[in-house]
Amino acid sequence: MITTSRKRLRAILAAGALVTSTALVLSGCGSRAGDAAPTASEAAAASCVDTSGDTIKLGFLNSLTGGMAISEKTVSNVLHMAADEINADGGILGKQIEYVQEDGATDWPTFAEKTEKLLTQDCVAAIFGGWTSSSRKAVKPVVEEHNGLFFYPVQYEGLESSPNIYYTGATTNQQIIPAMDYLASQGVKTLFLAGSDYVFPRTANAIIKLYAAELGIEIVGEEYVPLDKDDWTTQVAKIVEAKPDFIFNTINGSSNVGFVKAYYDAGLSPETTPIISVSIAEEEAPAMGHEVTGNFASWNYFQSLDTPNNPAFIDAWKAYPGSSGVTSDPMEAAYISLYLYKALAEAAGSFDVDAINEAAVENEITVDAPEGVVTLDGENHHISKPGHIGKINAENQFDIVWASDEFIEPDPYLEGYDWFPEDVRKSLVAAAG
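What counts, and at which threshold
- Residues numbered from 1 in each chain as written.
- Predicted model: local features only at pLDDT ≥ 70, side-chain atom pairs only at ≥ 80, totals over all residues.
- Heavy atoms only, no water.
- Helix = DSSP H or I, 4+ residues; strand = E, 2+ residues; numbered from the N terminus.
- Buried < 20%, exposed > 50% of the residue type's maximum accessible area, 1.4 Å probe, protein only.
- Contact = heavy atoms within 4.5 Å.
- Areas by Shrake-Rupley, 256 points an atom, 1.4 Å probe, with all protein chains shown as cover.
- Disulfide = S-S within 2.5 Å.
- Salt bridge = Lys/Arg side-chain N within 4 Å of Asp/Glu carboxyl O.
- Polar contact = N/O pair within 3.5 Å; in protein donor to acceptor, adjacent residues only side chain to side chain.
- Pairing = 2+ DSSP bridges.
- Axes fitted to C-alpha atoms, helices over the stretch in contact; angles between N-to-C directions.
- Parallel < 35°, antiparallel > 145°, perpendicular 65-115°, else oblique.
- Left-handed = near helix turned anticlockwise from the far one by under 90°.
- Nonpolar A, V, L, I, M, F, W, Y, C, P; charged D, E, K, R; others polar.
- Arc of directions from axis to C-beta.
- Core = buried A, V, L, I, M, F, W, Y, C linked by side-chain atoms within 4.5 Å.
- Phe/Tyr/Trp six-rings, centres within 6.5 Å; stacked < 30°, edge-to-face > 60°.
- Lys NZ or Arg CZ within 6 Å of the ring centre and 35° of its normal.

Participant: Would you mind showing me how to read the overall build of the chain here?
Facilitator: In terms of regular secondary structure, the chain is built from 13 helices and 16 strands. Of all 433 residues assigned to the chain, the portion counted as buried reaches 58%. By sequence separation, contacts in the chain at least 24 residues apart represent 71% of the contacts at least 6 residues apart. If you sum the accessible surface of the chain, you get close to 15800 Å²; carbon and sulfur atoms cover 50% of it.

Dropping the structure here:
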């Protein structure tokens with residue numbers, strides 16, 4: 001894994017000005033990445049990070065229990081692998097990583113409590129983890145209050161950026177919009193939306209409905225089940241009645257198992273009513289309790305990708321103690337996150353949060369990742385990513401049926417899309433919190 005940073009020669013920076021996104025002032029929505037963070041001197045009084053020794057503490061915060069453990073245990077484990085690799089290569093700024101693992105327990109108040117503990121008691125320099133948007137929303141005000149850093153590795157609904165969060169999973173225009181473009185290219189005319197009942201599916205589906213109208217795709221139904229529930233019988237009966245061309249699945253965690261069971265119990269199949277998912281990857285596919293061959297997923301990384309660094313990554317993961325044996329998009333994005341932090345700290349020459357954020361803007365930070373060379377947008381704290389659609393095969397791997405022509409630059413607020421009006425953007429940002 002190679003990380004680099006190259007100085008940007010930007011006239012506006014030379015003139016002493018920082019380029020920032022247009023301010024979005026809404027109650028409860030937080031600040032954008034370009035907004036002013038506490039200064040180093042202001043943060044120093046609150047920060048207890050110790051950089052005097054030969055180690056640097058980092059926090060790993062993942063749901064090791066509860067409904068999201070089916071996905072997050074692997075993210076936790078690959079963070080350990082990345083830390084071991086970085087330590088074997090000399091660490092970060094000559095310091096070995098000492099990590100503190102915490103369990104978010106699929107409980108959003110617990111994520112907030114553990115973040116507070118990691119920052120104020122364990123004195124970590126940065127935190128890595130989370131999966132659901134609810135977990136990230138719980139962490140966000142805590143890292144902003146303490147001027148800490150949080151690296152979030154999972155695709156999400158967008159409409160957010162923060163000076164205290166770096167996002168290595170896809171934002172909306174890097175996963176959901178490519179999925180919709182693929183469906184339109186396949187002649188899909190009717191779509192049913194099935195999601196877990198929390199912020200990501202609700203917000204993502206609001207965006208999907210807007211873009212579906214632009215593409216001439218009719219939404220023939222929309223159903224949600226709480227994240228901790230797995231009975232989809234009633235909701236799937238509505239899918240049967242609606243007879244959609246495709247189902248767009250924004251369900252997360254073990255609730256997918258109940259959905260897949262109800263889907264097949266109702267007589268649905270990929271041949272008649274295929275599913276495209278944004279949360280089922282190589283690890284989840286064989287855990288569904290039923291063969292899911294023939295259904296689809298939209299991700300930026302698949303184990304089947306043919307890139308220079310992917311074979312070594314797969315081999316290293318398969319050999320790692322406790323490995324699931326397969327790679328996936330969220331765990332690859334988590335792996336990237338630790339290398340991104342290393343690149344940022346080394347570009348800054350410091351573990352100080354303000355110095356790192358300044359380095360993100362003043363340098364071009366890249367990571368030579370298994371999905372390809374990704375580039376950080378230092379102003380919105382997201383990374384460029386390739387788009388891919390995969391079809392599940394009999395080995396629970398994904399045959400890539402569509403790929404973007406180039407890496408997709410992150411546009412978390414969808415400001416480059418005419419079909420996404422400003423008043424809707426503001427209302428969705430406010431609703432997401």
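Participant: I keep staring at the state of the cysteines and nothing clicks. Help me out?
Facilitator: By definition, a disulfide links the sulfur atoms of two cysteines through a covalent bond. According to the stated counting rule, one finds 1 disulfide in the structure shown. The disulfide partner of C48 is C123, and the gap between their sulfur atoms is 2.1 Å. Where C48 bonds to C123 through sulfur, the torsion about that S-S bond is close to -105°, and the disulfide is left-handed. Here C48, found in the loop between α2 (40-46) and β2 (55-62), pairs with C123, found in the loop between α4 (108-120) and β4 (127-129); they are 75 residues apart in sequence, far enough to count as distant.

Participant: Sorry if this is basic, but what is going on with unusual backbone geometry here?
Facilitator: What you tend to see is this: most non-glycine residues have negative phi, and most peptide bonds are trans. Positive phi outside glycine occurs at C123, with the angle close to 60°. The backbone phi angle of L159 is positive, close to 65°, even though this residue is not glycine. Topologically, L159 is positioned in the loop between β5 (150-152) and β6 (165-167).

Participant: What am I meant to see in the pattern of salt bridges here?
Facilitator: When charged atoms on two side chains of opposite charge get close, those side chains can pair. Per the counting criterion, the structure on display carries 14 salt bridges. In this structure, D265 and K261 form a salt bridge, with 2.7 Å as the shortest nitrogen-oxygen distance. With a gap of 4 residues between them, D265 and K261 both fall in helix α9 (residues 255-265), about one helical turn apart. Looking at D265, the relative accessible area reads 57%, which means it is exposed. Look at K261 and you get exposed, because its relative accessible area is 52%. For K385, the salt bridge goes to E371, with nearest N and O atoms at 3.1 Å. Taken together, the residues K385 in the loop between β14 (382-383) and β15 (388-392) and E371 in the loop between β12 (363-369) and β13 (372-377) connect sequence positions 14 residues apart. On the basis of relative accessibility, which here comes to 0%, the residue K385 falls in the buried class.

Participant: Would you mind going over the side chain of S350 with me for this structure?
Facilitator: Following the sequence through the fold, S350 ends up in the loop between α11 (329-348) and α12 (353-362). A distance of 2.9 Å separates the side chain of S350 from the backbone nitrogen of D352, its partner in a polar contact. Here S350 is in contact with L93, A345, A355 and I356, once residues within four sequence places are set aside.

Participant: How do you make sense of the pairing of β15 when you look at a structure like this?
Facilitator: Strand residues, when the strand is regular, have side chains that alternate between the two faces of the sheet. Across the 5 residues of β15, 4 count as buried, placing the element largely inside the fold. Sheet topology note: the strand β11 (residues 296-299)/β15 ladder contains 4 bridges and is antiparallel. Bridge pairing links W299 to H388 in β15. Here β15 folds back onto strand β16 (residues 398-403), and the loop between the two strands holds 5 residues, one of which, N396, carries a positive phi near 60°.

Participant: What am I meant to see in the packing of helix α6 (residues 172-185) against helix α7 (residues 199-215) here?
Facilitator: Helix-helix packing is characterised by the crossing angle of the two axes and by the distance between the axes. Look at α6 against α7: their axes get within 11 Å of each other, and the N-to-C directions meet at 40°. Considering their axes alone, α6 and α7 lie oblique with respect to each other. Of the two possible hands of crossing, α6 and α7 adopt the one that is right-handed. The segment α6 lies against α7, with T172, I176, I177, M180, D181 and A184 engaging F200, A204, I207, I208, Y211, A212 and L215. Of the residues contributing to the contact of α6 with α7, the split by class is 11 nonpolar, 1 polar and 1 charged.

Participant: Teacher, can you tell me more about the packing of helix α3 (residues 69-88) against helix α10 (residues 310-319) here?
Facilitator: The interhelical angle for the contact between α3 and α10, taken along N-to-C directions, is 105°, at an axis separation of 11 Å. As far as their axial angle goes, α10 and α3 are roughly perpendicular. Along the contact surface, α3 presents T74, N77, V78, M81 and E85, while α10 presents F313, A316 and W317. Looking at the contact of α3 with α10 residue by residue, the classes come out as 5 nonpolar, 2 polar and 1 charged.

Participant: Looking at this structure, how should I read helix α8 (residues 233-242)?
Facilitator: What sets the pattern is the α-helix's 3.6 residues per turn: residues three or four places apart point alike. Among all positions in α8, only Q235, V236 and I239 are buried. The buried residues of α8 occupy an angular sector of 95° when projected down its axis, which confines them to one face. Facing away from the buried side of α8 by over 90 degrees, the exposed positions are T233, T234 and E241. Where α8 is buried, its residues meet β7 (190-196), β8 (218-225), β9 (246-250) and α9. Count one or two residues on from α8 and you reach K243, which has phi positive near 55°.

Participant: Mind showing me how you'd approach the nonpolar core here?
Facilitator: If you look at soluble globular proteins, the nonpolar side chains tend to sit buried side by side. Residues F248 and Y341 are the most contacted members of the largest nonpolar core, which totals 98 residues. Among the elements that line this core, the one with the most residues is α11, at 11 residues. In this structure F248 touches I176, A179, M180, L183, L191, F192, L193, A194, I208, I276 and V278, once residues within four positions along its chain are discounted. Residues V225, I251, L268 and W299 belong to the second largest nonpolar core, which totals 25 residues.

Participant: I tried to follow the packing of aromatic side chains on my own but got confused; where do I start?
Facilitator: By convention here, two paired aromatic rings are described through the distance between centres and the angle between planes. Counted under the stated rule, the structure contains 24 aromatic pairs. Aromatic side chains F60 and F128 sit 6.1 Å apart centroid to centroid with 85° between the ring planes, which places their arrangement in the edge-to-face category. In this pair, F60 is assigned in strand β2 and F128 in strand β4, connecting sequence segments 68 residues apart. Given a relative accessible area of 0%, F128 falls into the buried group. An aromatic cluster is present here, built from F60, Y99, F128, F151, Y166, Y341 and F351 joined pairwise through their rings. Taking the ring centre of Y152 as reference, the NZ or CZ of R136 above it sits at 4.9 Å. Above the face of the Y224 ring, R202 is positioned so that its terminal group lies 3.7 Å from the ring centre.

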